[in-house]
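Summary of structural features
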Amino acid sequence: MAPVDKSKKLSMSELEAAARDMRAYALVAIHAAGTGHPGGSLSVMDFTAALFLDEMNLTSKDPRWHCRDRVIYSGGHKAPALYVGLAAAGFYDMDSVVTLRKCGSPFQGHPHCLKLSGVEVSTGSLGQGLGVGVGQALAMRLDDCDARVFVVMGDGEQQEGSVWEAAMSAAHFKLDNLCAFVDKNRLQIDGLVEDVMNIDPLVEKYKSFGWHAIEIDGNDMGQILNAFEQARATKGKPSVIIGHTAKGKGVSFMENVAGWHGMATKDRDQLDAALAEIASPVVTKDKVDELLGTAEKWLKDVETGINSDHSKLFAAKRSYWWNDGDGMQVEMDPTRMGFGRALKRIGGDERICTLHADISKSICITDFEADNPERLDRVFSVGIAEQNMMQVAAGLAVEGKIPITGTYGVFASGRPWDQIRTTICYGNLNVKIAGAHGGISVGQDGATHQALEEISLMYVLPNMHLEAPCDSVETDRGTEAIVLEVEGPAYIRYAREATPIVTSDATPYKFGIANIIRFRSEKPRFVDAFEHKLSTEYKNEGEALAIIACGPMVPEAMRAAWMLKSEHGIETRVVNMHTIKPLDKAAIIAVSEEIGYIITAEEHQVGGFGNIIAGAAATRSRFDKPLRIEQIGVADQFGESGQPWELMKLFHLTAEDIAARALKMLA
């Protein structure tokens, strides 16, 4: 699709044709990624076409021109719409968008302003764009720039309290150079917005906050253009265009179906059926073949480079990668499934309540009531409002309930941190927090959704308990422990991607006590090749190295121990520190005194876990052995869109990385 020459005003039919072509390109890109958000990307596309090709004053020849109009897609999951809008405006070739969500691509799962020209602000955590827009509009006024700021939001996003703080300030400052658009497609991940957490009457709310509110059919190009004209003419107050749209607009089987919020077309037939309905004359079947070929080549080139670098880490006679050989086979299961199984089993306790924050099914918190409808009166959806979720949970806990809150780790730990600190932890309230999708292995959603800081954020809080189980079986047991055994605030960190099952119901487990894991000999099943003991029952075997790990890094540590023994005869003590707070300091001191050579391993910003371990190791009382500690983790950087195991290799979080570090350390 060639960039449109904005020196010539496009006709209505030309804008509608552009929106159609942009929809087709976005769908192909999401299909090529295998993940993404077609529902909202399609519903907002008519507005996007009008915004980039008719309304905004900007130029791709000078992307940082100071008095350009600005746009923020506050709902960062609608990135495909933003990307094709920028491409249509000439910022880059439209075909390049097909690398969406692939490792190394500038088209990240959520927009990243440091990687892609034209992206004003990195977004992904909902409810933040409008406040940034207020700041930009104020700056434009200070600089005497005749420029406008546009902020694109979703209707579910209106559930975030920060939206209304920004709305209040925009009216207070009389920012008539600020125009917001609410994509009111009526659906969010958990269902109808009015059922999850009703936001209406939205027009009246914005008016009461001092805004000029314009209500339109957001999929009607004529009404969109008229709304822009009306907003430009409004002086002394900000304008909001509330556009009634259809989620998945343009594809009949996607329209008004909540499930298409975050799901790519499943196969080529389904993609072709969707494209046939959109009927873009530009995105033909031959063009789709070409685009998918480009995406596949990008994926293979990146994969080849990552695998080539990874293979050089640890020189071995054979591959030790998961399930590569005939023996040492392992089953994979997402740790989040263990969380769900525990809630289903223990949910009969009448004190337990669960609180949903819109992404409930994917984090498995809905397993609590899925097969037990009688529990529904103990299920509360607060919508996209994490701070309020913690406050409501605190109120329930004050009255003797056991509230379990759940959302992605980035939103569970960071966004409501002050509420957790001041209300929950300071009051030592019995609130349980499920921090789902922890670590880099969240994958294609990218850095905004990859929780890499929550161990530090939670560990530092007085009265907090912190659990990071190693597999789905241990997640099940850890969930039961923090809900029914622990009195006081507790945070459990678990992952999205399927990871190796390395424990069983027979494996010893006790909250607050680490497990010592020793490789014994190769077996048909990986799990049977290791012996697990509670640290309180373990006797020193004179190992040369210790690997202290938490979460899904424990299976990697176990695999590293197997590799080091098989290739170099090095005996390794693996410490599964599933409970990070309270910390099993005795197990750490024993390692520091008996072995002295320690590697910590975390799927987290390096040092968040490792420095906790190092601090405990430094308190040893015997000094007859030297103490050396190396740390494996994400090296003080944000994540990246990409396939989960691809990212584990890229960020040096695999057993091969641990083993290579061990050889260098012991040398």
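Up top you'll find the structure we're talking about.
Structural notes, computed from the coordinates.

Position of Arg 378 relative to the elements: it lies in the loop between helix H13 (367-370) and strand E10 (379-381). The class of Arg 378 is buried, set by a relative accessible area of 8%. The spacing of Arg 378 and Pro 403 is 25 residues in sequence and 9.2 Å in space, taken between C-alpha atoms. Discounting residues that sit within four places of it in the chain, Arg 378 has contacts with Gly 347, Gly 348, Asp 349, Glu 350, Ile 352, Cys 353, Thr 354 and Phe 368. Within the local environment of Arg 378, its side chain forms a polar contact with the backbone oxygen of Gly 347, the two atoms lying 3.0 Å apart.

Right, let's get into the state of the cysteines. Tallied over the full model, the rule gives 1 disulfide. Each sulfur in the disulfide pair Cys 67 and Cys 145 lies 2.1 Å from the other. Looking along the S-S bond of the Cys 67-Cys 145 disulfide, the torsion reads about -65 degrees, which is the left-handed sense. Pair noted here: Cys 67 is in the loop between helix H3 (45-55) and strand E1 (70-73) and Cys 145 is in the loop between helix H5 (129-142) and strand E2 (149-154), with a separation of 78 residues, a long-range link. By relative accessible area, which is 23% here, Cys 67 ends up partly exposed. Here Cys 145 falls in the buried class, since its relative accessible area comes to 9%. Here Cys 470 is not cross-linked by a disulfide; its sulfur's nearest cysteine counterpart is in Cys 550, at 10 Å.

All right, on to the packing of H3 against helix H4 (residues 79-88) then. Running from N to C, H3 and H4 cross one another at 30 degrees; their axes reach a closest spacing of 9 Å. On the basis of the axis angle, H3 is roughly parallel to H4. Handedness of the H3/H4 crossing: right-handed. Contacts from Met 45, Thr 48, Phe 52 and Leu 53 of H3 reach H4 at Ala 81, Leu 82, Val 84, Gly 85, Leu 86 and Ala 88. Tallied by class, residues from the contact of H3 with H4 come to 8 nonpolar, 2 polar and no charged.

Conventions and cut-offs
- Residues numbered from 1 in each chain as written.
- Predicted model: local features only at pLDDT ≥ 70, side-chain atom pairs only at ≥ 80, totals over all residues.
- Heavy atoms only, no water.
- Helix = DSSP H or I, 4+ residues; strand = E, 2+ residues; numbered from the N terminus.
- Buried < 20%, exposed > 50% of the residue type's maximum accessible area, 1.4 Å probe, protein only.
- Contact = heavy atoms within 4.5 Å.
- Polar contact = N/O pair within 3.5 Å; in protein donor to acceptor, adjacent residues only side chain to side chain.
- Disulfide = S-S within 2.5 Å.
- Axes fitted to C-alpha atoms, helices over the stretch in contact; angles between N-to-C directions.
- Parallel < 35°, antiparallel > 145°, perpendicular 65-115°, else oblique.
- Left-handed = near helix turned anticlockwise from the far one by under 90°.
- Nonpolar A, V, L, I, M, F, W, Y, C, P; charged D, E, K, R; others polar.

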